[in-house]
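# Tertiary structure, described
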Amino acid sequence: MLIGWADTRFNDNGASETRREKNGFATIAVLMIGAIVAGTFLGDLFDALGGAGFVLEAVLVAVFLAQKSLADHVGAVAQGLRAGGIDGGRRAVSMIVGRDPHTLDEAGICRAAVESLAENASDGVVAPAFWYAVFGLPGLLAYKMLNTADSMIGHKTDRHRAFGRASARLDDFANWLPARLTALLIVAAGGLDRWRDRIRTVMRDARLHRSPNAGWPESAMAAVSGLALGGPRVYRGDMADEPFMNDEGRKDTGPDDIDAALGVFWRAMTALTALVGALAVLAG
């Protein structure tokens, strides 16, 4: 709500690009400071509540990570294809991707779902967990504010190119390390078999993605699942002719491949939980 209000109030199409860029920087700075203040207040409050505060903080963190919600939305695409065919799959996948769903065949729908799963595992689960581990609730709330702002205004459209530039660049910075950590977790979820080959695929293909970060978890998922992900797709009627990651992998994907990718996702999240637990023990 605050981001939308700021976009309406301060992103004046009649202003110069420099002014709009400054307004965008000021907007994201104020919003993140507000998130940090709120996180600090909540952290102090939960500390004061003792055991009850610990439970409340754990619930709040679980809500913000929401890995089950991500898995449910991706799983719904496989269910939609099985129950409603192409139309059912397109309706389900339109809830989680920005590409034009009516241009997708069954393989395209499944690739889109698996790519969304991998990318959102990074910026929707691993990244907030990372910033929570580093800075506690202030870090978690500031990251979620930044990531939400990027999803709303960090677009290279005429309206948001200048105003959203600061949020887009800060989001790239905030996700740089978590994206690479997610890739390692996904490779680990694939087991010890051929792990070196999978690392080589990630190192080779991650840079093929238009995003400096999304290519890492997506290329890792492609390598582990044996699929070719990415490739040409249509956004708002415009063709984006992008290369495939793991081009030697299968392109004829189906609902079973979504299920398999979800299995990889849950194993990666288990590895993340074990890693966080180990760090907590080491930190005392």
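Residues numbered from 1 in each chain as written. Predicted model: local features only at pLDDT ≥ 70, side-chain atom pairs only at ≥ 80, totals over all residues. Heavy atoms only, no water.

As annotated in an unreviewed UniProt entry, the protein chain is Cobalamin biosynthesis protein CobD from Effrenium voratum. As its UniProt record puts it under Subcellular location (unreviewed entry), the protein chain is described as follows: "Cell membrane". UniProt, in the comment section headed Pathway (unreviewed entry), describes the protein chain in these words: "Cofactor biosynthesis; adenosylcobalamin biosynthesis." (UniProt positions renumbered as here; feature names shortened; annotations may be inferred.)

Put simply, helix α1 (residues 2–10) and helix α2 (residues 17–48) touch, their axes get as near as 11 Å, and they point 155° apart. The orientation of α1 with respect to α2, classified from their angle, is roughly antiparallel. Regarding α1 and α2, the two cross each other, and that crossing is right-handed. Contacts between α1 and α2 involve L2, I3, A6 and F10 on the former and, on the latter, N23, T27 and L31. When the residues that make up the contact of α1 with α2 are grouped by side-chain class, the tally is five nonpolar, two polar and no charged. (Axes fitted to C-alpha atoms, helices over the stretch in contact; angles between N-to-C directions. Helix = DSSP H or I, 4+ residues; strand = E, 2+ residues; numbered from the N terminus. Parallel < 35°, antiparallel > 145°, perpendicular 65-115°, else oblique. Left-handed = near helix turned anticlockwise from the far one by under 90°. Contact = heavy atoms within 4.5 Å. Nonpolar A, V, L, I, M, F, W, Y, C, P; charged D, E, K, R; others polar.)

On the surface, a cluster of nonpolar side chains totalling about 380 Å² of accessible area is made up of F41, L45, L49 and L56. Take L45: its relative accessible area is 35%, and that puts it in the partly exposed class. (Patch = residues over 30% accessible without salt bridge, like charges linked within 9 Å, V, L, I, M, F, W, Y side chains within 5 Å. Areas by Shrake-Rupley, 256 points an atom, 1.4 Å probe, with all protein chains shown as cover. Salt bridge = Lys/Arg side-chain N within 4 Å of Asp/Glu carboxyl O. Buried < 20%, exposed > 50% of the residue type's maximum accessible area, 1.4 Å probe, protein only.)

By size, the foremost hydrophobic cluster in this structure holds 66 residues, and its most contacted members are L117, M221, I258 and M269. Contributions of two or more residues to this core are made by α2, α3 (51–65), α4 (67–93), α5 (106–153), α6 (165–189), α8 (215–225) and α9 (255–283). In terms of residue count, α5 provides more of this core than any other element does, 21 residues in total. Beyond its immediate stretch of four places on either side in the chain, M269 contacts A121, V125 and V126. (Core = buried A, V, L, I, M, F, W, Y, C linked by side-chain atoms within 4.5 Å.)

Three or more residues of helix α7 (residues 195–205) are buried, namely R198, T201, V202 and D205. Within α7, the buried residues cover an arc of 100° as seen down the axis, which keeps them to one side. Residues R196, R200 and M203 are exposed on α7 and point more than 90 degrees away from its buried face. Tucked into the core, α7 has its buried residues touching α6, α8 and β4 (244–245). (Arc of directions from axis to C-beta.)

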